[in-house]
Amino acid sequence: MAKKIKVLVAKPGLDGHDRGAKVVSRALRDAGMEVIYTGIRQTPEQIVATAVQEDVDSIGLSCLSGAHNKLFPKVVSMLKEKGAGDVLVFGGGIIPDEDIPGLKDAGVSEIFLPGTSTEDTIEFIKNNVK
Amino acid sequence: MEDLIEGLLSGKVRSLAKAITVVENDQPGKRELLKRIYSKTGNAYLLGITGPPGAGKSTLTDKVIANLRKQGKTVGVIAVDPSSPFSGGAILGDRIRMQQHALDDGVFIRSMATRSHLGGLAKNTVDVIHLLDASGKDVIIVETVGVGQDEVDIVRIAQTTVVVMVPGLGDSVQIAKAGVMEIADVFAVNKADRDGADKLFSEIRAMLDMVKGDIKPDIFRTVAVDDVGIDELVQGIFAHGERVAASGLTEKKLAQKAESELRAYLVDNIMERSTGLTLYDEVVKRIAAKEITPMDGVEELFSCLGMTTGEN
């Protein structure tokens, strides 16, 4: 049996809008992935600790509060500290175009904006997990 | 591999997590890994938590973890959720209720998907228990998938099995049925602040009055979301363990567990070798065409593997 792709879908920060995260979780499930969903209002510390224990291949971060510039890079740098820098991190939410280059520089592999097809996200994960 | 084993035995989180991945996915090195740690297992208390979907198993598990941590015990948790029979994917959501422990070094939580394994557990659950055990966890909690009536594998593994019930799921005939209701060492009537909880409590007690055997399950009322009744439940769990030990049943339970582990690997091994034969598809076709019976099919496959069915 091929190894299942394991993805953590997490919502850092304080907004409670998790419809998008749930839709993505469901789409990844239907694509045959094992998705761990940890609910809303998670700190980067909690997200990274969970990712390490679960040994996930990828983390999807969803943030609609505007705090992505702080929270997403924090997750990436903490993963590196824990020796889990090989985990593929992608993000989504209400994120202004001008913020995307900075997030990518910080190690977030891809940002998916509203209107993205779930197929694109699935393809991205399948093509990029190590 | 050396680093992994050393890290695991010294309780390093990342080593443990990586080792679990090896075991869960039957990756190369699994056998060696288990061989090296097997003698270091058997120290943890194995607690099973089972019950129907939505009964509050995850919330109850969360509160039990908190209680054990107050007593200074380290805890490993395996939370099992179902895989889709169609896509093979899964949403593993038990952890949502347990995230207050995410930053506690004394708690390690791992989610597992059933991957179409029946019985309420994931296929390699027992091996993952061994790893958590070898890493030095004092108590290991296995939360099963939401069970219906017949997913009772947990009882062969856990020292104490808690069956979580909630009011409103059925009448006293449901309580009297075989299966899940029979495997409880301890009952938790959760959501005990709701209508029907007292009735459920007395129905379970009436059912237990008819149980023969030395050790009768205790029943506890809990309201897990409000942290009500958890102290009593945890005391009841360990009291059960002590009663088992005092009655000399421990050895029987351990032998039962060892046998179920052996069986699982036997079945897997025979299945894998049989289905791997090129003859396999041919045999399936001939059965479908009514040329041979399924029992004849087994004999043909076995003789190809150099085994006999042992029948005349």
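Please read these numbers as outputs of a predicted model, since none were measured by experiment.

Caption draft 1: A look at the overall build of chain A. Across its full length, chain A carries five helices and five strands. For chain A, the C-alpha radius of gyration of 13 Å lies close to 14 Å, the compact-globule estimate for 130 residues. C-alpha atoms of chain A, sized along the principal axes, occupy 40 × 35 × 25 Å. Among the 130 residues that make up chain A, the fraction classed as buried is 47%. Nonlocal contacts in chain A, meaning residues at least 24 apart in sequence, comprise 72% of its contacts between residues at least 6 apart.

Caption draft 2: Region of the structure containing the sheet that holds strand β7 (residues 186–189) of chain B. Residue and element names in this part refer to chain B. Overall, parallel pairing links the seven strands, which are arranged β4-β2-β5-β1-β6-β7-β8 in an open sheet. On the outer flanks of this sheet lie β4 (107–113) and β8 (218–221), each paired with one strand and no other. The mean angle between the axes of side-by-side strands here comes to 20 degrees, regardless of whether they run parallel or antiparallel. Across seven bridges, strand β2 (residues 75–81) lies against β4 in parallel orientation. Among the inter-strand pairings, Ala79 is bridged to a residue of β4, identified as Ser111.

Caption draft 3: Fine view of the environment of Arg29(A). Along the chain, the position of Arg29(A) falls in helix α1 (residues 19–30). For Arg29(A), the contacting residues outside a window of four places in its chain are Val35(A), Ser84(B), Ser87(B), Gly89(B), Ala90(B) and Ile91(B).

Caption draft 4: Spotlight on the sheet that holds strand β1 (residues 6–10) of chain A. Taken in spatial order, the six strands make up an open sheet running β5(A)-β4(A)-β3(A)-β1(A)-β2(A)-β3(B), and their pairing is parallel. Strands at the two margins of the open sheet, each flanked by one partner only, are β5 (110–112) of chain A together with β3 (90–92) of chain B. Averaged over all adjacent pairs, the angle separating strand axes in this sheet is 25 degrees, with direction ignored. Sheet topology places strand β4 (residues 88–93) of chain A next to β5(A); three bridges connect them, and they run parallel. Considered in β5(A), the bridge of Phe90(A) is made with Glu110(A). Sitting on the sheet, helix α2 (residues 44–54) of chain A is in contact with β1, β2 (34–37) and β3 (58–63) of chain A, with an inclination near 165 degrees to β1(A).

Caption draft 5: Main features of the interface of chain B and chain A. With 25 residues of chain B in contact, the opposing surface of chain A contributes 25 residues. Sorting the residues of the side of chain B that touches chain A by element identifies α2 (13–24), β3 and β4 of chain B as the ones contributing at least two each. A total of six residues in the side of chain B that touches chain A trace back to one element, the largest contributor, which is α2(B). Counted by class, the side of chain B that touches chain A contains 12 nonpolar, nine polar and four charged residues. With three bridges joining them, β2(A) and β3(B) adopt parallel strand pairing. Note on β3(B): the bridge partner recorded for Val35(A) is Ile91(B).

Caption draft 6: Main features of unusual backbone geometry. Residues and elements named next belong to chain B. The phi dihedral of Lys191 is positive, around 55 degrees, even though this residue is not glycine. In this fold, Lys191 is placed in the loop between β7 and α7 (197–209). What makes Lys191 buried here is the crowd of 24 C-beta atoms within 10 Å. Positive phi is not limited to glycine here, since Lys290 has a value of about 65 degrees. Looking at the secondary structure, you find Lys290 in the loop between α10 (279–288) and α11 (294–304).

Caption draft 7: Expanded view of α2(A). Where burial is concerned, most of α2(A) is hidden: nine out of the 11 residues are buried. For α2(A), the set of buried residues is Pro44(A), Ile47(A), Val48(A), Ala49(A), Thr50(A), Ala51(A), Val52(A), Gln53(A) and Glu54(A). Residues of α2(A) that are buried in the fold lie against β1, β2, β3 and α3 (68–81) of chain A together with α2 and β4 of chain B. Asp55(A) lies just past α2(A) and shows a positive phi near 50 degrees.

Caption draft 8: Focus on the packing of helix α1 (residues 2–9) of chain B against helix α3 (residues 30–37) of chain B. Residue and element names in this part refer to chain B. Contact geometry for α1 and α3: axes closest at 11 Å, N-to-C directions at 40 degrees. One way to sum up the angle between α1 and α3 is to call them oblique. Two packed elements cross with a definite hand, and for α1 against α3 that hand is right-handed. From α1, Ile5, Leu8 and Leu9 reach across to α3, where they touch Leu33, Arg36 and Ile37.

Caption draft 9: Molecular detail of the confidence of the model for chain B. For chain B, per-residue confidence averages 91 on the pLDDT scale, and 96% of positions sit at 70 or higher. Scored by ipTM, the complex comes to 0.92, with pTM at 0.91.

Caption draft 10: Expanded view of the pairing of β3(A). Residues and elements named next belong to chain A. With respect to burial, β3 is a largely interior element, six of its six residues being buried. Alternating residues of β3 divide into Ser58, Gly60 and Ser62 and Ile59, Leu61 and Cys63, and every residue in both groups is buried. Here β1 runs beside β3; their pairing, made up of four bridges, is parallel. Among the inter-strand pairings, Val9 is bridged to a residue of β3, identified as Gly60. In this structure, β3 lies alongside β4, joined through six bridges in parallel fashion. Of the residues in β4, the one forming a bridge with Ser58 is Leu88.

Calculation rules
Residues numbered from 1 in each chain as written. Chains lettered and ligands numbered in written order. Predicted model: local features only at pLDDT ≥ 70, side-chain atom pairs only at ≥ 80, totals over all residues. Helix = DSSP H or I, 4+ residues; strand = E, 2+ residues; numbered from the N terminus. Rg over C-alpha atoms; globule rule 2.2 N^0.38 Å. Buried ≥ 20, exposed ≤ 12 C-beta atoms within 10 Å, placed from the backbone. Contact = placed C-beta atoms within 7 Å. Pairing = 2+ DSSP bridges. Axes fitted to C-alpha atoms, helices over the stretch in contact; angles between N-to-C directions. Nonpolar A, V, L, I, M, F, W, Y, C, P; charged D, E, K, R; others polar. Parallel < 35°, antiparallel > 145°, perpendicular 65-115°, else oblique. Left-handed = near helix turned anticlockwise from the far one by under 90°. pLDDT = per-residue confidence, 0-100.

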